[in-house]
Amino acid sequence: MLLLAVDTATPAVTVALHDGTDVVAETSRVDARRHGELLLPAVHQVLAEAGLTLDAVTDLVVGVGPGPYTGLRVGLVTAATFGSVLGVPVHGLCTLDGLAYASGIEEPFVVATDARRKEVYWARYEDFRTRAGEPSVDRPADIAEQVAGVPAVGAGALLYPEVFPDARGPEHQSAAALASLAAERLAAGEAFLPPTPLYLRRPDAQVPRNYKVVTPR
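Described in the following lines is the structure provided in the data block.

Analysis parameters
Residues numbered from 1 in each chain as written. Predicted model: local features only at pLDDT ≥ 70, side-chain atom pairs only at ≥ 80, totals over all residues. Heavy atoms only, no water. Phe/Tyr/Trp six-rings, centres within 6.5 Å; stacked < 30°, edge-to-face > 60°. Helix = DSSP H or I, 4+ residues; strand = E, 2+ residues; numbered from the N terminus. Buried < 20%, exposed > 50% of the residue type's maximum accessible area, 1.4 Å probe, protein only. Pairing = 2+ DSSP bridges. Salt bridge = Lys/Arg side-chain N within 4 Å of Asp/Glu carboxyl O.

Attention now moves to the packing of aromatic side chains. Taken as a whole and judged by the stated rule, the model has two aromatic pairs. With a centroid separation of 5.4 Å and 20° between ring planes, the pair formed by Phe109 and Tyr125 is classed as stacked. Within this pair, whereas Phe109 is found in strand β6 (residues 109-114), its partner Tyr125 is found in strand β7 (residues 120-127), the two being separated by 16 residues in sequence. Look at Tyr125 and you get buried, because its relative accessible area is 3%.

Here it is in structure tokens:
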């Protein structure tokens, strides 16, 4: 097995290769505005480091979010295109699950990423492999009682220390962690999410109201 993992649901553009036993190459770059520019070069980089070509990939895994509309779509469309061209399966995983797995925390905790608009995407976990419920998007102050007294992981937690006083790393998503989690689940025969975006609210971009419609003569 050679698993190619990508995730662009957060500011991190992250790619990794996993051979079913270990991560063989990985790269991450944090840049919220250049997902489209950075993803394909990152894929080429990890393949080159491993001395492999794209046609050696047998499975793809992609972070499905939650995340902002534009960045998230870059990874999903790229994974879908590779899957179609190579004729290999594309597996979806919740982006928050990758952050949870990377934390290695073995007690109840939460993962929170920056959702903009002074909100966070977040979910509860029993341990680093087990999510306790579905992801949500909320203002941190509105969930303060629900997350009190437990560790928190992710950039969203670091942004709001008054709500997440026990914030820990990792701050950003890692495709290496996502790939390792996917490899475990594939070996166990567990189900994956469909490789479609996990949106929890409407896109930030909106059609202007009362705009003037110009019709051709």
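Anyway, onward from the coordinates.
Before going further, it helps to examine the pairing of strand β2 (residues 12-18). Across the seven residues that make up β2, a large majority, seven, are buried. Neither face of β2 is open: one carries Ala12, Thr14, Ala16 and His18, the other Val13, Val15 and Leu17, and all of them are buried. With five bridges joining them, strand β1 (residues 3-7) and β2 adopt antiparallel strand pairing. Residue Val6 lies in a different strand from β2, and its bridge partner there is Val15.

Side-chain pairs of opposite charge can arise whenever the charged atoms involved come near each other. One pass over the structure, following the stated rule, counts eight salt bridges. The salt bridge involving Glu134 is made with Arg131; its shortest N-O contact spans 3.9 Å. Taking relative accessible area as the criterion, Glu134 reaches 64% and is therefore assigned exposed. In this structure, Arg168 and Asp166 form a salt bridge, with 3.0 Å as the shortest nitrogen-oxygen distance. We classify Asp166 as partly exposed; its relative accessible area is 32%. Among the ionic contacts, a cluster of salt bridges with common partners joins Asp97, Arg131, Glu134, Arg185 and Glu190.

Each regular strand carries side chains that alternate between the two faces of the sheet. Within β1, five of the five residues are buried, which leaves the element mostly enclosed by the surrounding structure. By the alternation rule, side chains of β1 split into Leu3, Ala5 and Asp7 and Leu4 and Val6, which are all buried. In textbook terms, the turn of a hairpin is the stretch between consecutive antiparallel strands, and for β1 and β2 this stretch comprises four residues. Where β1 meets strand β4 (residues 59-63), four bridges bridge the pair, whose relative direction is parallel. Bridge pairing links Ala5 to Val61 in β4.

With that settled, the discussion passes to unusual backbone geometry. A cis amide bond links Gly65 to the next residue, Pro66, at an omega of 10°. Here Pro66 lies in the loop between β4 and α2 (69-86). Backbone torsion omega between Gly169 and Pro170 reads 5°, so that peptide bond is classified as cis. Take Pro170: it is sitting in the loop between β11 (167-168) and α6 (175-188). For Arg116, which is not glycine, the phi torsion reads 60° and is therefore positive. With respect to the helices and strands, Arg116 occurs in the loop between β6 and β7. The phi angle at Lys118 is positive, at roughly 60°, despite the residue not being glycine. Considering the arrangement of structural elements, one finds Lys118 in the loop between β6 and β7. Accessibility expressed as a relative area gives 61% for Lys118, which makes it exposed.

Remember that the coordinates give geometry; whether it matters functionally is a separate question.
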